[in-house]
Amino acid sequence: MSELKPLSKEAIPAALEKAERYRLLNEPAEAESICLDVLKADPENQQAIITLLLAVTDRFTKGYGVSDTQAKELLGRVKGEYERAYYSGIFAERRAKAKLAQASPGCNFQAHGGFREAMHWFEKAEAIRPPGNDDALLRWNTCARMIAKNKLVPEEEEKIEYPLE
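One structure accompanies this document, and this report is about it. Because the structure is a prediction, the values reported are computed rather than measured. (Residues numbered from 1 in each chain as written. Predicted model: local features only at pLDDT ≥ 70, side-chain atom pairs only at ≥ 80, totals over all residues. Heavy atoms only, no water.)

**Looking at the packing of helix α4 (residues 68-77) against helix α5 (residues 81-102)**
The following threshold applies: Here an axis means a line fitted to C-alpha atoms, over the contact stretch when the element is a helix, while the angle between two N-to-C directions is reported on a 0 to 180 degree scale. Put simply, DSSP marks the helices as runs of H or I at least four residues long and the strands as runs of E at least two long, and each gets a number from the N terminus on. If an angle is under 35 degrees, it is roughly parallel; if it is over 145, roughly antiparallel; if it lies from 65 to 115, roughly perpendicular; otherwise it is oblique. Left-handed describes a crossing whose near helix is turned anticlockwise from the far helix through less than a right angle; right-handed describes the clockwise counterpart. Contacts are residue-level and defined by heavy atoms, with any inter-residue pair within 4.5 Å sufficient. Classification convention: Asp, Glu, Lys, Arg as charged; Ala, Val, Leu, Ile, Met, Phe, Trp, Tyr, Cys, Pro as nonpolar; all other residues, Gly among them, as polar.
Viewed as axis vectors pointing N to C, α4 and α5 meet at an angle of 165°, and their least axial separation amounts to 10 Å. It follows from the interaxial angle that α4 and α5 lie roughly antiparallel. Handedness of the α4/α5 crossing: right-handed. The residues of α5 that touch α4, namely those facing D68, A71, K72 and L75, are R84, Y87, S88, F91 and R95. The residue makeup of the contact of α4 with α5, split by class, is four nonpolar, one polar and four charged.

Okay, here's the thing in structure tokens:
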């Protein structure tokens, strides 16, 4: 691989805007690349860490081979108790949605567990949220609706029907 060209610190704000735009255009790989360049120039940049975390988790439902390892490493770098709890909830929610989309035997109870984990993190974030910030409540409600809409139940309540050969 060719040596990567370094990003100047002055270019970081514009680069982060581009990364967010790429995420919104459903191009997480491009956003990820930009965030990696920003983090090379400014390793503790919280906006880049969070945008990179979101770009990685955007890929969960796209069929890419995305492991949880990178997302968990990024969560460990998020500063702030509220932010860490909130984005842990986002991580769990997106993983649950990916499980639900698989539509394979056992995925519904895995999705239920993931949504419940997300709700746990959102409750933790809710308890320490800044005044006027109800984002964690909105995400909690989304998870609760996903469970109800898809009639998800814990593993011990789900009856799995395996296809006959």
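**Observations regarding the packing of aromatic side chains**
Put simply, the test is: Only centres within 6.5 Å qualify two rings of Phe, Tyr or Trp (six-membered ring in Trp) as a pair; their planes then separate them into stacked at under 30 degrees, edge-to-face at over 60, and tilted for everything else. A simple rule labels every residue: compare its accessible area, found with a 1.4 Å probe on the protein chains alone, to the largest value its type can have, and call it buried under 20%, exposed over 50%, or partly exposed in between.
Overall, the coordinates contain four aromatic pairs when judged by the stated rule. Considering the side-chain rings of F60 and F91, the 5.8 Å spacing of their centres and the 65° angle between planes classify their relative orientation as edge-to-face. Of the two residues, F60 is situated in the loop between α3 (46-58) and α4 and F91 in helix α5; the sequence distance between them amounts to 31 residues. Grouping residues by exposure puts F60 and F91 together as buried. Aromatic rings pair up to connect Y82, Y86, Y87 and F122 into one cluster.

**Some words on the packing of helix α1 (residues 12-24) against helix α2 (residues 28-41)**
Here α1 crosses α2 at 160°, and the two axes come no closer than 7 Å. Considering their axes alone, α1 and α2 lie roughly antiparallel with respect to each other. Crossing handedness for the pair α1 and α2: left-handed. Residues I12, A15, L16, K18, A19, Y22 and R23 of α1 form the contact with α2, whose own contacting residues are P28, E30, A31, I34, C35, V38 and A41. Of the residues belonging to the contact of α1 with α2, the class tally is 11 nonpolar, no polar and three charged.

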